[in-house]
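Geometric and topological summary
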Amino acid sequence: MSQTPDQNKPSDPNMPASPEETLAAEAANEADAMAALTQEVATLKAQNTDLADQFLRAKAEAENARRRAEEEVSKARKFAVESFADSLLAVADSLEAGLAIQEATREQLREGSEATLKQLKSALERHKVLEISPAPTTKFDPHQHQAISMVPADQEANTVVTVLQKGYLIADRVLRPALVTVAAPK
């Protein structure tokens, strides 16, 4: 068998490779790169699918939380006065009982009215509805009082002289200001 001298020679790393070897090496490198890119694309697609699923779940959870909150607010509005109305039922019952008495004396009517007023005030206080009834000589407060007139008085100017109608606060917010007369400057 005859061998050519090139076939028997060990390959020399300094020697340039043949064009076929170079093409084969480039093709192998491209195949490896293509396989790596294909694997990376598959990994990214899996991550994308997972993230899309997580997003949809989070979006659905947020929508459910928003809907539940809206329902709770709706129920709170709907039943907000339930406790207040319940406490006023005793007042209504007392008024009806008083009106049912045909031959009531003036004293009985007065006692019944006072008891009913006491029930009403108690119900209002339980629900944080508080009176604004400033004492005479109290400094006029435009946030809680409404001056109806200024009258000459023997007290400091801009102080309450008389209360014409009580005002009311609910949770530190003026429901109705007290109607007052105020001392005029001298």
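Residues numbered from 1 in each chain as written. Predicted model: local features only at pLDDT ≥ 70, side-chain atom pairs only at ≥ 80, totals over all residues. Heavy atoms only, no water.

A closer look at the side chain of Thr-116
Within the element layout of this structure, Thr-116 appears in helix α4 (residues 106-126). On the basis of relative accessible area, Thr-116 is assigned to the buried category, the value being 9%. Setting aside its immediate chain neighbours within four residues, Thr-116 contacts Val-91, Ser-94 and Leu-95. (Helix = DSSP H or I, 4+ residues; strand = E, 2+ residues; numbered from the N terminus. Buried < 20%, exposed > 50% of the residue type's maximum accessible area, 1.4 Å probe, protein only. Contact = heavy atoms within 4.5 Å.)

Considerations on the sheet that holds strand β1 (residues 129-132)
With antiparallel pairing, the 3 strands of this open sheet are ordered in space as β1-β4-β5. Sheet topology places β1 and β5 (173-176) at the edges, where each strand pairs with a single neighbour. Recorded for the sheet is a direction-independent mean angle of 35° between the axes of neighbouring strands. Looking at chain direction, β1 and strand β4 (residues 167-170) are connected through 4 bridges and run antiparallel. The residue bridging Val-129 from the neighbouring strand is Ile-170, located in β4. (Pairing = 2+ DSSP bridges. Axes fitted to C-alpha atoms, helices over the stretch in contact; angles between N-to-C directions.)

What about the packing of helix α3 (residues 82-100) against α4?
Between α3 and α4, the least distance of the axes is 9 Å, while the angle of their chain directions is 175°. It follows that α3 is roughly antiparallel to α4 by the angle criterion. In this structure, α3 contributes Phe-84, Ser-87, Leu-88, Ala-90, Val-91, Ser-94 and Leu-95 to the contact, and α4 contributes Thr-116, Gln-119, Leu-120, Ala-123, Leu-124 and Arg-126. For the contact of α3 with α4, the class distribution of residues is 8 nonpolar, 4 polar and 1 charged. (Parallel < 35°, antiparallel > 145°, perpendicular 65-115°, else oblique. Nonpolar A, V, L, I, M, F, W, Y, C, P; charged D, E, K, R; others polar.)

So, the pattern of salt bridges
If you walk through the whole model with that rule in mind, you get 7 salt bridges. Residues Glu-70 and Arg-66 are paired through a salt bridge, measuring 2.5 Å at the closest nitrogen-oxygen approach. Of this pair, Glu-70 and Arg-66 both sit in helix α2 (residues 19-79), 4 residues apart, roughly one helical turn. Overall, Glu-70 belongs to the partly exposed group, its relative accessible area being 46%. Between Lys-121 and Glu-131 there is a salt bridge, and its shortest N-O distance comes to 3.5 Å. Here Glu-131 lies in strand β1 and Lys-121 lies in helix α4, a separation of 10 residues in the sequence. (Salt bridge = Lys/Arg side-chain N within 4 Å of Asp/Glu carboxyl O.)

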